[in-house]
Amino acid sequence: MSSTAFNRLRGLFSKSPSPIITTIKANRAAEIRAAISSKDKKILSLVKKFKETTDNPRFRRYRHYYEATVLRLAREQHFSAIQDILEHQKKYPDIMDQKFAVRLICLYGKAKMADDAQKLFDELPSLNCERTVVSFNALLGACVKSKNFNKVTELFKELPEKLSIEPDVVSYNTVIKALCDVGSVDSAIVVMNEMESSNIQPNVVTFNTLLDAFYKNNRIEEAEKLWCLMEKKNVLANVRTYNSRLRGLVADNRVSDAAELIKEMGKKGVKPDNYSFNALMKGFVDVGNLEEAKVWYKKMMRNGCGPDRATFGMLIPFACDKDDFDYAFELCNAAVKAKQSVYNSVVQRVADGLVERSKNNEAQKLMKMAKLK
């Protein structure tokens, strides 16, 4: 290639953008800067107003407003604003009250700011607030919320002896939860044994956490042994305990046993909830038994448990798979009445199925309902 041609090509590729393109880019950058600036101003205004409002002692008693504000800022990742708001609370005499201090530690946890939660915990003595097992548990819980699971076990090993704090059942349950969340179920069992060695009896929360983990990890046999241990210790199962077992039985393809378990719940005075019925119906969906799923859907309604989004999201496509578009249409109607959303693609599938079966009126009603809702 001649040097003249090469220079001409190089000129084409290195040519400066046209004035129009440059102007468009500049305008877009200005719009972005303006949007960011406007958003920052709103956040600054929110923080300023919140801090001013907390000067009112009555307002400081409203946990809901604190939580709503912190969660909103966390969603938008304005962590410095959260620090600003919660640091500001230290100036009030309320900080000497353990309940108020614990609330702030928990808020840091909900914002997934474990380091800030620990910083506040460490500062409590200088703020004339005694550190007790309650604030210690709040710190452990904040670490779990922040998914800083290693920190939970570190703090549990170090702080009690250092600060002369006696861990309680909540402390042990929080550590067990952290270990289960990282998949260390065997280590969680060890902690439960240590708990009993310290003359602290495991409660229903302890067993619920462990049962959830065993069933999720498909360790069904061990979970069943744990269930027997719970009964032996006279720890009363609640609906969450039963729901863990229901999901485990369904995962193990023991759907008939799961159905019997729901009957047992009724006999023992434990009322099944949406999760109970959804777990069982999922079992019948998995084995392709629409008729049994229908039976338990009716029982769910009679039991006073309104079907939820998960119910409809599971049963409507299954009814379509089984070519029962009349039932799918019935469920769509029920979803609208229950004010539960259904994916547009699912509604369209039901409508198409109705049209294919010459049920145009039903299809039109369905599409009209979908547009209205």
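These numbers come from a predicted model, not from an experiment.

### Examining the packing of helix H18 (residues 325-337) against helix H20 (residues 360-372)
One can describe the packing of H18 onto H20 by two numbers: an axis separation of 11 Å at closest approach and a directional angle of 25°. Judged on the interaxial angle alone, H20 and H18 are roughly parallel. The interaxial crossing formed by H18 with H20 has left-handed handedness. Only Glu 362, Lys 365, Leu 366 and Met 369 of H20 make contact with H18, whose side of the interface consists of Phe 329, Cys 332, Asn 333 and Val 336. Taken together, the residues of the contact of H18 with H20 sort by class into five nonpolar, one polar and two charged.

### Section: unusual backbone geometry
Its identity as a non-glycine residue notwithstanding, Asn 128 has a phi of 60°, on the positive side. Structurally, the position occupied by Asn 128 is in the loop between helix H6 (114-123) and helix H7 (133-145).

### Observations concerning the UniProt feature "repeat: PPR" (unreviewed entry) in the protein
Per the UniProt record, "repeat: PPR" (unreviewed entry) is found at residues 132-162, 168-202, 203-237, 238-272 and 273-307. For the annotated span residues 168-202, helix accounts for 74% and strand for 0% of the residues, and the straight-line distance between the end C-alpha atoms is 10 Å. End C-alpha to end C-alpha, residues 273-307 measures 10 Å, and it is 74% helix and 0% strand.

### Overview of the pattern of salt bridges
The final tally for this structure, using the stated rule, is 30 salt bridges. With a closest N to O distance of 3.4 Å, Glu 87 and Lys 119 form a salt bridge. Separated by 32 residues along the polypeptide, Glu 87 in helix H4 (residues 79-88) and Lys 119 in helix H6 bring together distant segments of the chain. Lys 359 is paired through a salt bridge with Asp 326; the nearest N and O atoms lie 2.6 Å apart. Residue Lys 359 is found in the loop between helix H19 (344-356) and H20, and its partner Asp 326 is found in helix H18; the two are separated by 33 residues along the sequence. Given a relative accessible area of 41%, Asp 326 falls into the partly exposed group. Counted as one network, the salt bridges with shared partners bring together Glu 87, Lys 90, Lys 119 and Glu 123.

### Notes on the packing of helix H16 (residues 290-302) against helix H17 (residues 309-321)
For any two helices packed against each other, one specifies the inter-axial angle together with the distance between the axes. Put simply, H16 and H17 touch, their axes get as near as 11 Å, and they point 150° apart. H16 and H17 meet at a crossing whose hand is left-handed. Touching Leu 290, Ala 293, Tyr 297 and Met 300 of H16 are Thr 311, Phe 312, Leu 315, Phe 318 and Ala 319, all from H17.

Calculation criteria
Residues numbered from 1 in each chain as written. Predicted model: local features only at pLDDT ≥ 70, side-chain atom pairs only at ≥ 80, totals over all residues. Heavy atoms only, no water. Axes fitted to C-alpha atoms, helices over the stretch in contact; angles between N-to-C directions. Helix = DSSP H or I, 4+ residues; strand = E, 2+ residues; numbered from the N terminus. Parallel < 35°, antiparallel > 145°, perpendicular 65-115°, else oblique. Left-handed = near helix turned anticlockwise from the far one by under 90°. Contact = heavy atoms within 4.5 Å. Nonpolar A, V, L, I, M, F, W, Y, C, P; charged D, E, K, R; others polar. UniProt positions renumbered as here; feature names shortened; annotations may be inferred. Salt bridge = Lys/Arg side-chain N within 4 Å of Asp/Glu carboxyl O. Buried < 20%, exposed > 50% of the residue type's maximum accessible area, 1.4 Å probe, protein only.

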